[in-house]
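# Coordinates in review
Below are the chains, spelled out letter by letter.
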Amino acid sequence: MKLRENARLVMVLDTRKCVGCSACVIGCKTENAVPEGGFRDWVVAETKGGFPNLTLENRSERCNHCENASCIDNCPTGASHRGPAGTVQIDRVKCTGCKNCIAACPYGARFVHPKGFIDKCTFCMHLGGGTTSCTEICPTSCIHFGDANDPASEVSRLLASRPHKVIAPDAGTKPRVYYLV
Amino acid sequence: MNEVEILKSVEHVKPEAWWEWQIPLYLFLGGIAAGLMVLIAVRYLVDPQDVRSRVFRHLAWLSPLLLSLGMFALWLDLEKRWQVMRFYLAFRPTAPMSWGAWILLAVYPFVVLFALSELPESSRARMPVRLRRLAEWAEAPAVKRRIAIGTALVGVALGVYTGILLSAISARPLWSSSVLGPLFLTSGLSTAAGTMLLFRISAWERKALSRIDTGLLGLEIVLLGIFLLTLVTGGSAARQAGALLLGGPYTASFFTIVVIAGLAVPLLVEGREMLGHHGSRWLVPALILVGGFALRWILVAAGQTSGWHTL
């Protein structure tokens, strides 16, 4: 799939559909050969309120590919960089494993790969930017991926029509992973 | 009430300690190296004709020695140690760590030239001819003045950098404070004074250093107070981070080792010495050094547990 020139890839996750099955985690680990102990995505189940007035929100979380990516700003070698369609990517060769980006990420999205470089979600850019393994495998179809700068895309329609939030907005990073609530 | 369950290894959602002993050790040794550069160079600039003791004239060599040890610790922390040259294949103006890598390179020529120029004649006799000529060149007053100014400035940059390295990381609310740069510089100057007091410098030098150190310890207490104040008067993330030191798991170690043993007791003992009471030669320097190391150890460890994404 060829990305539009000004494409802005985002992920939109429907917390009302997510059942917390972790298929996205397994799909990601399989597709990206994520090593044992490392995770590029994970599921958070947040229970709010007191019994019997409870709400449960399941969220599949990952790197937010932030607009204001502090990991890129703080990387001393340029290994963390802006990739295609505004995504945040890591150049494994340039990475020294100084872990400054782990410190700089408010989301805990990064981990040290056994080979020494820092690893995280890539939005599966090796698949061309059209889809991700977690989007494909999700049994409830709660993960949507696409170009937010294309008004006709599914993610644009969802963001325009449904209330949504991002994780830790106060951190000022402007995440590109949105949660429909 | 919120209950959060994370279906993933917890240490990867909130990695508790990706930086271990190497980083605080580097910040500590780098701080002393920076402080030594500033104190020794400023002393020369204030009075070039002042008679410096033989031991004092050799102390400038401690700076590159300690900095090299610190850089070795930093190198040990890298996951891909043999890719260390990548720091010098790029300059990233937004990354304090990149600035630091280049500042570290600038330190050596200045401090080594200054240390060479400070060597007494008797110590130079055994040096190779080229090195001796370099020392003679650096010793000329006009040249030495420039080298001393450069040494002091690079020393300040190095001392401030050790704090800014942490304060630039806004994702960790405990570190995200502009006070950390001046605080680490002051602590670096104070620990450098403490290190110098461990050597057999002259009685006059000891007295002068103790006085300077008293002022530095007082300033450090004020800066530490401002640092804590900015945390407790900040937003919810800053307040949560401040609670780590004020009532949380790091409170006991922070107040007993850093504030009481590392700052208040040395300040009291040095104050008594200024009034004419005799103190132990080792007690104050040892406490200052332990307190300086504990400050960095605790801030690095506690900062890693602070965050915005409160899971």
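Numbers given to residues run from 1 along each chain, matching the order in which its sequence is written. Labels follow written order: the first chain is A, the first ligand is 1, and so on. For a predicted model such as this one, the threshold for reporting local features is a pLDDT of at least 70, and the threshold for listing and counting side-chain atom pairs is 80 or more; totals across whole chains, interfaces and linings nevertheless cover every residue. Calculation of side-chain values draws on the structure's entire complement of heavy atoms; hydrogens and water are dropped beforehand.

## Observations regarding the environment of Glu205 of chain B
All names here are of chain B. Elements are defined by DSSP. Helices are runs of H or I of four residues or more, strands are runs of E of two residues or more, and each kind is numbered from the N terminus. With respect to the secondary-structure elements, Glu205 resides in helix α10 (residues 203–232). A C-alpha to C-alpha distance of 8.1 Å links Glu205 and Ser53, two positions 152 residues apart in sequence. Contact criterion: two residues are considered in contact whenever any of their non-hydrogen atoms come within 4.5 Å of each other. Excluding its chain neighbours within four sequence positions, the residues that come into contact with Glu205 are Arg43, Val51, Arg52, Ser53 and Phe56. Polar contacts, as used here, are pairs of N or O atoms within 3.5 Å; protein pairs need one atom able to donate a hydrogen and one able to accept it. Residues neighboring in sequence count only if both atoms are side-chain atoms. In terms of polar contacts, Glu205 uses its side chain to reach the backbone amide nitrogen of Ser202, at 3.0 Å.

## Quick notes on the pattern of salt bridges
Residue and element names in this part refer to chain A. Here a salt bridge means any side-chain nitrogen of Lys or Arg lying within 4 Å of a carboxyl oxygen belonging to Asp or Glu. Evaluation of the coordinates by the stated rule reveals 17 salt bridges over all chains. Residues Asp147 and Arg4 are paired through a salt bridge, measuring 3.0 Å at the closest nitrogen-oxygen approach. Of this pair, Asp147 sits in strand β8 (residues 143–147) while Arg4 sits in the segment before β1 (9–14), placing them 143 residues apart in sequence. Judged by relative accessible area, Asp147 falls into the buried class, the value being 10%. Residue Arg59 is joined to Glu61 by a salt bridge in which the shortest nitrogen-to-oxygen separation is 2.8 Å. Working definition: with a 1.4 Å probe on protein chains only, accessible area under 20% of the residue-type maximum means buried, over 50% means exposed, and in between means partly exposed. Since its relative accessible area comes to 4%, Arg59 is described here as buried.

## Some remarks on the packing of aromatic side chains
All names here are of chain B. Note on aromatic pairs: the rings of Phe, Tyr and Trp (six-membered ring only in Trp) are paired at centre separations within 6.5 Å, and the planes decide the class, stacked below 30 degrees, edge-to-face beyond 60, tilted for the rest. Taken as a whole and judged by the stated rule, the model has 11 aromatic pairs over all chains. Through successive ring pairs, a cluster of aromatic residues spans Trp18, Trp19 and Trp175. Over a ring means this: the NZ of a Lys or the CZ of an Arg is within 6 Å of the ring centre and within 35 degrees of the ring normal. One cation-aromatic arrangement involves Lys144 over Phe114; the distance from NZ or CZ to the ring centre is 5.4 Å. Above the ring of Phe184, the side-chain terminus of Arg296 is found at 5.0 Å from the ring centroid.

## Things to note about the sheet that holds β8 of chain A
Residue and element names in this part refer to chain A. The four strands lie next to each other as β8-β1-β10-β9, forming an open sheet whose pairing is mixed. Of all the strands in the sheet, just β8 and β9 (164–165) have a single pairing partner and so form its edges. Pairing between strands is defined by DSSP: at least two bridges between the two strands are required. Of the strand pairs in this sheet, β1 and strand β10 (residues 177–180) are connected by four bridges, and their pairing is parallel. Across the sheet, residue Leu13 finds its bridge partner in β10, namely Tyr179. Packing against the sheet, helix α5 (residues 154–161) makes contact with β1, β8, β9 and β10, and its axis sits at approximately 110 degrees to β8. The convention used is that axes are lines fitted to C-alpha atoms, helices contributing only their stretch in contact, and that angles between N-to-C directions extend from 0 to 180 degrees.

## Regarding the interface of chain B and chain A
Each side of the interface is counted separately: chain B has 36 residues, and chain A has 47 residues. Accessible area that two parts lose when put together, evaluated with a 1.4 Å probe and summed over both, is termed the buried area. Regarding the contact of chain B and chain A, the summed buried area is about 3,600 Å², with carbon and sulfur atoms giving 55% of it. The interface formed by chain B and chain A holds two salt bridges in total. When the shortest N-O distance is used, the salt bridge between Lys99 of chain A and Glu79 of chain B registers 2.9 Å. If you look at where chain B meets chain A, you find 16 residue pairs in polar contact (both at pLDDT 80 or more). Breaking the side of chain B that touches chain A down by element, the ones donating at least two residues are β1 (2–7), α1 (10–13) and α5 (96–118) of chain B. Examining the composition of the side of chain B that touches chain A, we find that six residues originate from one element, β1 of chain B, more than from any other.

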